[in-house]
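Fold and geometry: a report
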Amino acid sequence: MAMSRADLLSMFQKTATEIAEKEFKSISETTIISELGIDSLGMLEIVGAMERQLKIQIPDESLAGIQTVKDLIELVEKRQSPVG
Amino acid sequence: MPSLVAPTLVEACKVLAHKNDKGFVFVRADGTERFCSFQTIDQEATRRGAHFAARGVKRGDRVALVIPDPDEFVLTFLGAIYAGAVPVPMYPQLTFKNVESYHDTVAHITNASGAKVLVTTESTKQYVEPALARAPKVKELMLVSALHEPAPGPLDVRVTPEDLAFLQFTSGSTSRPKGVIVTHGNLAANSEAFMIHGLGKDSSVDKGVSWLPLFHDMGLIGFVIGPLFTDIPVVFLPTASFVRNPRVWLDTIHKHRGTITYAPNFAYALVAKRLKDKDLTGLDLSCMRITGCGAEPIAAKTLRDFSEKVVPAGFDPRSFLPSYGMAEATLAITFVKHGAGFHTDVVEKAELTKAIAKPTSVDQGEDAQELVGCGSSFPEHQVAIVDEHDKLLGERQVGQIITTGPSICQGYFEEPELTAAAFKKRDDGKIWLYSGDLGYLANGELMPPLADINGLRHSGGAVGTPQLYICGRLKDIIIIRGRNFYPSDIEWVVSELPGVRRGNVVAFGVTVDAVGNHVEDGTGEEQLIVCAEATQSEAATISEQVRQAVAAQIGLSVYKVEIVPQGSLPRTSSGKPQRRKTKQMFVDGTLPKPRIKTED
C-alpha cells in the first residue's frame, strides 16, 4: 500500500528526529528543510532511512532540487507503486 | 624522483593498457555495476582526449569538470589529462544547499582557474548553467554525452613530468578559492610514496573500495591516480549511497573482497553509530588489510568504537592506518606502518598548552589527552616541526608541521602571495610546505591499542621512527566531517542578517562529546559555534535566523549560537573580533552575560 501524504509527513518527522537526535515540533509540508538546521549529510541520511522503510529508491539527481518537506514527499510519492 | 612507477599519469595508464580483465568497477546507486578494464580506461581516455583536442583544447588549457557520475568523471578526467589539458574538478550541487552559493562557488573556481571549457552532464547542467553568466572566460559548456561519439581524429600529445596535471581546489574560502598546482611528477612521487612505501601494495591481491568524493584529494588521488600508477583494481561507490546507508560500504568490501579502504574519522563514527548487530550477519571483513583514516583529526575512541562493532565480522584492528596529509603535498605526508594498527600517545593537557607534549597516563582522566599517532614520512620526504621564529624544534615540542620532498606541490595557481606564504625555501635550500597545522614528533611509549579486543596483541607503530602527532592548527579553519570551512565565510553570511552588524560576528569550531561537553581528549566531534553581537531582546529571533542562514548558505548546522551584548566581543587593536580569544571565553564560560543558549 502506498502511504498517504500525512503518513509520509509523520514518517519524515520521526526519521528526522532519530537522525538529528533532536525534537522537531512543528513540521509541515511547507517547512524548508535547511531551516530545521539539518545539513546536507543529515538530509541524505534521512532520505536513506525513508528509502529503506518504504523499499524505494530516489535518484541522486532529483535530490538536488529539494527545498521543502513537500518537495521530498512528492518525490517519495512518485516512487511508490501506484497500485500498492 | 620516483623510480618504482611511471613518470606521468598518462604513461602509467599506458603500462596497464593491455589488461582487459583488471580495472575499475563503478557501482551505481541502484546496485548495478559497470566494469571498466584498464584497457577500456585507456581507450576511453584516448577517445575523450581526441574530442578535447578536436575542439581546440590545448596543452595546459584548464577544463572545469562538474560530473556527478563516478565513471563518467574518471574517464573524462583522464581524457583531459591525455589531451595534455588541466582538469579542474568541482563538486556537483548538493541537496538543498542554497543554489545561489553553489553558483558562487562554480563561478569563483571557474574564474580562478581560467577554464575555457566546462564539462557537465545532462542532469547537472541546470545547476551549473546559471553560474556561467558570471564566468565570462568559459567559451563552451560541453556535455559528457558529446565525448561518447567516435573519436574525431588521432590524439598526439606528449605529457612530461613537469607538466601541470590538474588544479586541486581546496575546500577553502569560497570568496577566494585556492587551486593547488599538481604536476605529473608530484602525482608519480606521491603515488609511489603512499601506495608502495606506505601501503606495501601487492598488485596480485590488493583491491581498493572507496565511496570518497572524486573532487576531493583523498578520493581522486588515493583511489584513482595512486592505483593507476601501481596496478591496483578499485571498486567505486557513490558517496551518497554511503551516507544514505553506511552498511553499503562494508557490504561492498565483503562482496568484492576489498583489501584497502580509506575514510575520514566521521565515517567510522557513522558506521559505529548506525550499524546494527544484525547488519553483520553474513558479513566477512577479514579481507580488510588497510583501513585508512585521514582528512580530519582522528579520535582514538572512534576507531575503538568502529573496531568493537565490526570485529565480530572478522575485522582486524591491525588494519587501521592513521595518516596525515593535505592537498598542498599532493595527498599523503605521513603514514603509520601498515599492519601495525593505530597507537596513541597520552600527554598532560596542561603542558600541551605550553607547547610541550609531556607523557602521562590515561589514568589521569581529565588532565590527560590521548592523541592518535599519524606515522612518519616517506623515503625522499621529510617532516619537521618549527616554532613561530622558524626554528627547528626537538622531540615532544609542539610547533608548526612543515614538510618537503618531491610530493610538495608548486604552489597556488596565479596566487604568488599565498604561494610565498606557504611554500618557503629554508637554509637547506629545499622548498618546505608550511602546513598551518600544529603537532609534535615523538618516539613515545607505543601502547598496544586494542589488546583486549579479540585477543589480539600488537605493539603499535615502528619503534625508533619518530611518529607525528597532530594537536591543532594555527589557522582558524573549521573542519567538520572532513570538509574545511573558513570562519570568514560563515561570519560573512551571518553579518548579512538584519540586526547583526558586520564585523560583530565570530565563528569557530569546538570539539564536544556526545552530551555537549567541551573535550580535547580526542573523544569528541568538531562542531560549529557562532557568536554574534546583537540586541538581547532580539536574541531568540536572531539565533534562529543565524541557524537558517548558515544551514542554507554554507550547508552546516550550527551547534550553538551565542548572542552577546553589543561591543562585548574581544577585539584586536585594529578593532577586529578575536576568534581565538572568543573561543577561549566560550570554552571557559566567560562570555559576557546574559547568555542565551539556544541549542535545543
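This write-up is about the structure you can find in this document. Just so you know, these numbers come straight off a predicted model, no measurement behind them.

Turning next to the overall build of chain A. Within chain A, the secondary structure is distributed over four helices and zero strands. In sequence order, the secondary structure elements of chain A are arranged as α-α-α-α. Seen through its C-alpha atoms, chain A measures out along the principal axes to roughly 35 × 25 × 20 Å. Residue burial in chain A is summarised as follows: out of 84 residues, 35% are buried. Partitioning the intrachain contacts of chain A with sequence separation of at least 6 by distance along the chain shows that 59% fall at a separation of at least 24.

Before going further, it helps to examine the interface of chain B and chain A. Listed per partner, the contact involves 24 residues of chain B and 24 residues of chain A. Those elements that provide at least two residues to the side of chain B that touches chain A are α5 (122-128), α8 (239-244) and α15 (539-553) of chain B. Counting residues per element, the side of chain B that touches chain A draws most heavily on α15(B), at four residues. When its residues are assigned to classes, the side of chain B that touches chain A shows twelve nonpolar, seven polar and five charged.

All names here are of chain B. Judged by pairing direction, the sheet is parallel, and its four strands sit side by side in the order β4-β3-β5-β6 without closing on themselves. Only two strands of the sheet have a single partner each, and these edge strands are β4 (86-89) and β6 (140-143). Ignoring which end each strand starts from, the neighbouring axes of this sheet average 25° apart. With four bridges joining them, strand β3 (residues 62-66) and β4 adopt parallel strand pairing. Looking at β4, one finds that L65 is bridged to P89.

Attention now moves to the packing of helix α1 (residues 9-16) of chain B against helix α7 (residues 217-230) of chain B. All names here are of chain B. Relative to each other, α1 and α7 sit at 55°, their axes nearing to 8 Å. Regarding the angle of α1 to α7, the classification is oblique. Crossing hand, α1 versus α7: left-handed. Note on element contacts: α7 touches α1 through I225, L228 and F229, opposite L9, A12, C13 and L16. When the residues that make up the contact of α1 with α7 are grouped by side-chain class, the tally is seven nonpolar, no polar and no charged.

Summarising the element assignment, B:R318 is placed in the loop between α11 (300-310) and β13 (320-325). Considered as a pair, B:R318 and B:E351 are 33 residues apart in the sequence and their alpha carbons are 31 Å apart.

Looking now at the sheet that holds strand β24 (residues 505-512) of chain B. Residues and elements named next belong to chain B. If you trace the three strands from one edge of the open sheet to the other, you get β24-β25-β26, paired in mixed fashion. In this open sheet, the two edge strands, each paired with only one partner strand, are β24 and β26 (560-564). Going across the sheet, the axis of each strand differs from the next one's by a mean of 25°, ignoring polarity. Sheet analysis places strand β25 (residues 525-533) next to β26, joined by five bridges and oriented parallel. Note on β26: the bridge partner recorded for V530 is V561. Contacting β24 and β25, helix α14 (residues 487-495) runs over the sheet at an angle of about 125° to β24.

As a further point, take the pairing of strand β2 (residues 33-37) of chain B. Residues and elements named next belong to chain B. Pairing between strand β1 (residues 23-27) and β2: five bridges, direction antiparallel. The partner of V27 across the bridge, within β2, is E33. Taking the residues that link successive antiparallel strands as the turn, the β1-β2 hairpin has five residues, and the phi of G31 there is positive, at about 95°.

Attention now goes to the environment of B:D588. Mapped onto the elements, B:D588 comes out in helix α16 (residues 579-588). Residues B:D588 and B:G365, spaced 223 residues apart in sequence, show a C-alpha to C-alpha distance of 19 Å.

Here we come to helix α3 (residues 70-82) of chain B. Residue and element names in this part refer to chain B. Between its first and last C-alpha atoms α3 spans 18 Å; for 13 residues at 1.5 Å apiece the expected length is 18 Å, and the two agree. Of all 13 residues in α3, 13 are buried; the element is thus mostly enclosed. Just beyond α3, the residue with positive phi is G84, at close to 80°.

Turning to the environment of A:T68, a few remarks are in order. Within the secondary structure, A:T68 sits in the loop between α3 (60-63) and α4 (69-79). Those residues in contact with A:T68, other than ones at most four positions away along the chain, are A:E29, A:T30, A:T31, A:I32 and A:I33.

Once that is clear, we can look at unusual backbone geometry. Residues and elements named next belong to chain B. Here D390, not a glycine, exhibits a phi torsion of approximately 70°, which is positive. Classification of D390 by C-beta neighbours within 10 Å gives partly exposed; the count is 14. For E414, which is not glycine, the phi torsion reads 50° and is therefore positive. Tracing the chain through its elements places E414 in the loop between β18 (399-404) and α13 (416-422). You can call E414 partly exposed: it has 13 C-beta atoms within 10 Å.

What counts and how
- Residues numbered from 1 in each chain as written.
- Chains lettered and ligands numbered in written order.
- Predicted model: local features only at pLDDT ≥ 70, side-chain atom pairs only at ≥ 80, totals over all residues.
- Helix = DSSP H or I, 4+ residues; strand = E, 2+ residues; numbered from the N terminus.
- Buried ≥ 20, exposed ≤ 12 C-beta atoms within 10 Å, placed from the backbone.
- Contact = placed C-beta atoms within 7 Å.
- Nonpolar A, V, L, I, M, F, W, Y, C, P; charged D, E, K, R; others polar.
- Pairing = 2+ DSSP bridges.
- Axes fitted to C-alpha atoms, helices over the stretch in contact; angles between N-to-C directions.
- Parallel < 35°, antiparallel > 145°, perpendicular 65-115°, else oblique.
- Left-handed = near helix turned anticlockwise from the far one by under 90°.
- Expected span 1.5 Å × (residues − 1).

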